Amino acid sequence: MMVRVTMTKYLKLAAVAAVALSFVLVPTSGVRADEEEGYSFKVHNTTKEKITQLLASEDGKEYGTFDVGSKGIAPDETVTLKWDKTTNETGCEWMIKAVFADGSETDAKKFDFCEKDVELEF
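Predicted model only: the values in this text are computed from it and were never measured.

J.: I keep staring at the overall build of the protein and nothing clicks. Help me out?
T.: A count of helical and extended segments in the protein gives two helices and seven strands. Taken from N to C terminus, the helices and strands of the protein fall in the order α-α-β-β-β-β-β-β-β. Among the 122 residues that make up the protein, the fraction classed as buried is 30%. Within the protein, contacts between residues at least 6 apart in sequence are counted, and of these 64% link residues at least 24 apart. A total of about 8500 Å² of accessible surface is found on the protein, and carbon and sulfur atoms cover 56% of it.

Structure (structure tokens):
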């Protein structure tokens, strides 16, 4: 009987510890998950070419298109973009490439979107 009580006590302690740890780990994804506003970041085009697309990848292998709008991002322009809410549960670090009007693209750069006031420069 004593073993059963002790085991139950340890299981309860383990459950409490697991819940406490989950609260410690949540802020890395919680920074990105503002339900009303969505997570936003800035992109500054430091080049002489218009950026027509951003390509985003969590693993650096498969890239999806990030919508920069129909006008693109003009040279020396800074725009604010928002992540789609479907990315709220993804990791913080993403590889991003810029695609220009002439079809050329930059090498991928790693950005940590859990940082406050992220600004991408290409």
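J.: Would you explain the nonpolar core in this entry?
T.: As a rule of thumb, soluble globular proteins bury nonpolar side chains together. If you look at the biggest cluster of nonpolar residues, it comprises 21 residues, and the most contacted ones within it are Phe41, Val43, Leu54, Ile96, Phe113, Leu120 and Phe122. Where this core is concerned, the elements lending two or more residues are β1 (40–44), β2 (51–57), β4 (78–82) and β5 (93–100). If you tally residues by element for this core, the top one is β5, at four residues. With sequence-adjacent residues up to four places away left out, isoleucine 96 is seen in contact with Leu54, Leu55, Ala56, Asp107, Ala108, Lys109, Phe111, Phe113, Leu120 and Phe122.

J.: What is the right way to read the sheet that holds β4 from this model?
T.: Backbone-to-backbone hydrogen bonds pair the strands of a sheet. The strands run either parallel or antiparallel. Read from one edge of the open sheet, three strands run β4-β1-β7, paired in mixed fashion. Each of the sheet's edge strands pairs with one partner strand only, and the pair in question is β4 and β7 (119–121). On average, adjacent strands in this sheet sit at an angle of 30 degrees to one another, irrespective of strand direction. Relative to β7, β1 runs parallel, the two being bridged by three bridges. The partner of valine 43 across the bridge, within β7, is leucine 120.

J.: Would you take a moment to explain the confidence of the model for the protein for this structure?
T.: Caution applies to low-pLDDT parts of the model: their predicted coordinates are not meant to be read in detail. Per-residue pLDDT for the protein has a mean of 77; in total, 69% of the residues score no lower than 70. Within the protein, β5 carries the highest mean pLDDT (97), whereas helix α2 (residues 27–30) carries the lowest (32). Low pLDDT, under 50, characterises residues 1–7; the predicted model gives this stretch zero contacts beyond four residues in sequence or across chains. The low-confidence segment residues 10–36, where pLDDT is below 50, has 18 contacts with residues more than four positions distant or belonging to other chains.

J.: How should the pairing of β1 be read in this particular structure?
T.: Pairing of β1 with β4, which is carried by five bridges, proceeds in the antiparallel orientation. Its bridge partner lying in β4, serine 40 is registered against lysine 82.

J.: Sorry, what's going on with the pattern of salt bridges here?
T.: In a structure, side chains of opposite charge can pair up when their charged atoms sit close to one another. Following the criterion strictly, the structure yields two salt bridges and no others. Between lysine 110 and glutamate 93 there is a salt bridge, with its nearest N and O atoms 3.7 Å apart. Separated by 17 residues along the polypeptide, lysine 110 in strand β6 (residues 109–112) and glutamate 93 in strand β5 bring together distant segments of the chain. What makes lysine 110 exposed here is its relative accessible area of 56%. Where lysine 97 meets glutamate 105, a salt bridge forms, and the shortest distance between an N and an O atom there is 3.2 Å. The class of lysine 97 is buried, set by a relative accessible area of 18%. For glutamate 105, a relative accessible area of 42% corresponds to the partly exposed category.

Thresholds applied
Residues numbered from 1 in each chain as written. Predicted model: local features only at pLDDT ≥ 70, side-chain atom pairs only at ≥ 80, totals over all residues. Heavy atoms only, no water. Helix = DSSP H or I, 4+ residues; strand = E, 2+ residues; numbered from the N terminus. Buried < 20%, exposed > 50% of the residue type's maximum accessible area, 1.4 Å probe, protein only. Contact = heavy atoms within 4.5 Å. Areas by Shrake-Rupley, 256 points an atom, 1.4 Å probe, with all protein chains shown as cover. Core = buried A, V, L, I, M, F, W, Y, C linked by side-chain atoms within 4.5 Å. Pairing = 2+ DSSP bridges. Axes fitted to C-alpha atoms, helices over the stretch in contact; angles between N-to-C directions. pLDDT = per-residue confidence, 0-100. Salt bridge = Lys/Arg side-chain N within 4 Å of Asp/Glu carboxyl O.

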